[in-house]
Amino acid sequence: MAIPGLAVWDGIVDLFNTVMTPLYWAVSALLVGWHWLLSQVLDPNGGWAWALSIAGLTIVIRTLLIPLFVRQIRSSRNMQLLQPKMKELQKKYGHDREKLGQEMMKLYKETGTNPFSSCLPLLLQSPIFLALFRVLDYASKGKTHSSIMDPHVQSLQHAKIFGAEISQTFLKANGDGAGNVKVVAIVLIILMTATMFTTQLQLMRKNMPKEALTGQAAQMQKIMLYVFPIFFLIGGFNFPIGVLIYWFVSNVWTMGQQFYVIRRNPAPGTPAYDAMQARKREANVRHGRSADEGVPGTADAETDTDTTDRRPAQRQQPKRQSRSDRKTTGPAGGGAAASDNGQASSSAPEDTPRPQDTPKKTQAGAAKKQPAGKKGTGAKRQPAAKSAAQKKAAQKRSGGSR
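Not measured: the values here are computed from a predicted model.

**Let's talk about the environment of Arg-279**
With respect to the helices and strands, the residue Arg-279 is situated in helix α11 (residues 271-286). Of the residues examined, Arg-279 reaches a relative accessible area of 28% and is grouped as partly exposed. When the C-alpha atoms of Arg-279 and Val-295 are compared, they prove to be 9.3 Å apart, with 16 residues separating the residues in sequence.

Structure, rendered in structure tokens:
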């Protein structure tokens with residue numbers, strides 16, 4: 001009589017093995033391929049041939065993950081640049097967490113940013129890690145997951161480095177070399193944890209601006225900095241020596257890859273960016289150039305548009321005059337030309353020929369345009385003169401009557 005719980009568990013295990021079978025074959029094929037290559041110069045049954053085969057497997061996997069690493073770098077930079085906008089959203093919707101989450105997701109979607117991108121390389125390596133773990137675990141028992149490993153299982157089972165079989169774990173070490181297994185396992189666990197912690201610390205201290213050290217991005221980085229090393233530190237005691245080699249080589253690869261990116265292409269506003277500017281200034285001074293020549297973020301690094309821009313200047317459009325301006329100045333250029341005895345206006349080119357009768361025409365036009373009541377100033381002064389004469393005559397009459 002079958003127990004229902006065990007039957008369900010067996011079904012889950014069978015499903016897991018079915019999904020993982022392609023990875024078992026892929027890992028086994030890569031291990032055997034590297035082992036055959038290294039066996040040309042090393043002992044085929046020696047531990048170093050298998051240990052270096054695991055390192056070769058790690059290099060292949062990490063090379064395939066380079067496009068994902070590039071996407072991770074871009075997403076991390078976007079997260080850093082979005083920090084001011086994220087802080088504004090937090091101030092605006094801090095009282096409504098649901099609305100804040102919606103606005104955050106909208107911002108991520110518009111900018112093509114994934115806040116979990118820093119975890120993607122590790123998550124995608126997890127199936128490879130599980131496949132390698134199972135292959136080595138089965139090899140320690142003389143079993144295989146694929147027919148590719150059948151001819152090599154005995155060699156892998158008893159392969160040793162520093163007297164420790166690479167298929168054994170710290171907790172399950174047995175036989176004459178159990179002490180060596182524990183020593184090698186502890187050393188590899190420390191190296192694996194230290195390299196993982198150093199890689200994340202290097203990222204936070206050198207390639208993250210101060211604005212990115214707060215908020216959701218900073219929380220993700222702190223998880224990467226503390227939680228994952230602690231997890232691998234504890235779990236490492238149950239990992240085979242070969243798996244510890246895999247993670248140590250993978251962490252060293254990540255550290256070197258990140259060091260190259262931070263040194264050659266750091267994010268603006270970070271200590272690594274300032275250090276890169278300082279190195280370029282020192283190089284310019286050594287070669288006798290201007291200190292800021294070619295240094296990003298400085299005026300000398302930009303192209304001088306004044307000397308290279310050869311496009312013709314745009315024609316300046318004439319200014320539209322109001323009705324009052326047209327009344328005071330008369331027709332365009334006419335009043336100015338008449339008052340100056342035929343001199344050209346300021347808006348016309350100096351070498352443009354002008355007909356000789358232009359002043360007369362403009363004067364006549366101005367006279368026609370002028371209202372009748374404004375033809376001269378004498379019409380306005382006559383009433384004032386008559387009134388003065390009348391006053392004198394009135395005085396004489398008044399004097400004569402006396």
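**So, the packing of aromatic side chains**
Applying the stated criterion across every chain, the model contains 11 aromatic pairs. Judged by centre distance (5.1 Å) and plane angle (65 degrees), the rings of Phe-129 and Phe-239 are edge-to-face. Of this pair, Phe-129 sits in helix α6 (residues 120-140) while Phe-239 sits in the loop between α9 (216-235) and α10 (241-264), and the two are 110 residues apart along the sequence. Taking relative accessible area as the criterion, Phe-129 reaches 13% and is therefore assigned buried. Assessed through its relative accessible area of 7%, Phe-239 is described here as buried.

**Quick word on the side chain of Thr-254**
Take Thr-254: it is sitting in helix α10. Within the local environment of Thr-254, its side chain forms a polar contact with the side chain of Arg-62, the two groups lying 2.5 Å apart. What Thr-254 contacts, discounting residues up to four positions off in sequence, is Arg-62 and Thr-199.

**Points about the nonpolar core**
A general tendency of soluble globular proteins is for nonpolar side chains to be buried together. With 48 residues, the main nonpolar core has Leu-132 and Ile-241 as its most contacted residues. Of all the secondary structure elements, the ones that give two or more residues to this core are α1 (4-38), α2 (47-64), α6, α7 (153-157), α8 (178-206), α9 and α10. Considering each element in turn, this core owes the most residues, nine residues, to α6. Apart from residues lying up to four places away in sequence, Leu-132 is in contact with Val-27, Leu-31, Ile-54, Leu-57, Gly-242, Val-243 and Tyr-246. Formed by nine residues, the second largest nonpolar core is a distinct cluster that contains Leu-82, Leu-89, Leu-100 and Leu-107.

**Focus: the packing of helix α4 (residues 83-93) against helix α5 (residues 97-111)**
Orientation of α4 relative to α5, taken along the N-to-C sense of each, is 160 degrees, at an axis distance of 9 Å. When the interaxial angle is binned, α4 and α5 end up roughly antiparallel. When the axes of α4 and α5 are compared, the crossing they make is right-handed. Two secondary-structure elements touch here, α4 through Lys-85, Met-86, Leu-89, Gln-90 and Tyr-93 and α5 through Arg-97, Lys-99, Leu-100, Glu-103, Met-104, Leu-107 and Tyr-108. Counted by class, the contact of α4 with α5 contains seven nonpolar, one polar and four charged residues.

Quick notes on the rules
Residues numbered from 1 in each chain as written. Predicted model: local features only at pLDDT ≥ 70, side-chain atom pairs only at ≥ 80, totals over all residues. Heavy atoms only, no water. Helix = DSSP H or I, 4+ residues; strand = E, 2+ residues; numbered from the N terminus. Buried < 20%, exposed > 50% of the residue type's maximum accessible area, 1.4 Å probe, protein only. Phe/Tyr/Trp six-rings, centres within 6.5 Å; stacked < 30°, edge-to-face > 60°. Polar contact = N/O pair within 3.5 Å; in protein donor to acceptor, adjacent residues only side chain to side chain. Contact = heavy atoms within 4.5 Å. Core = buried A, V, L, I, M, F, W, Y, C linked by side-chain atoms within 4.5 Å. Axes fitted to C-alpha atoms, helices over the stretch in contact; angles between N-to-C directions. Parallel < 35°, antiparallel > 145°, perpendicular 65-115°, else oblique. Left-handed = near helix turned anticlockwise from the far one by under 90°. Nonpolar A, V, L, I, M, F, W, Y, C, P; charged D, E, K, R; others polar.

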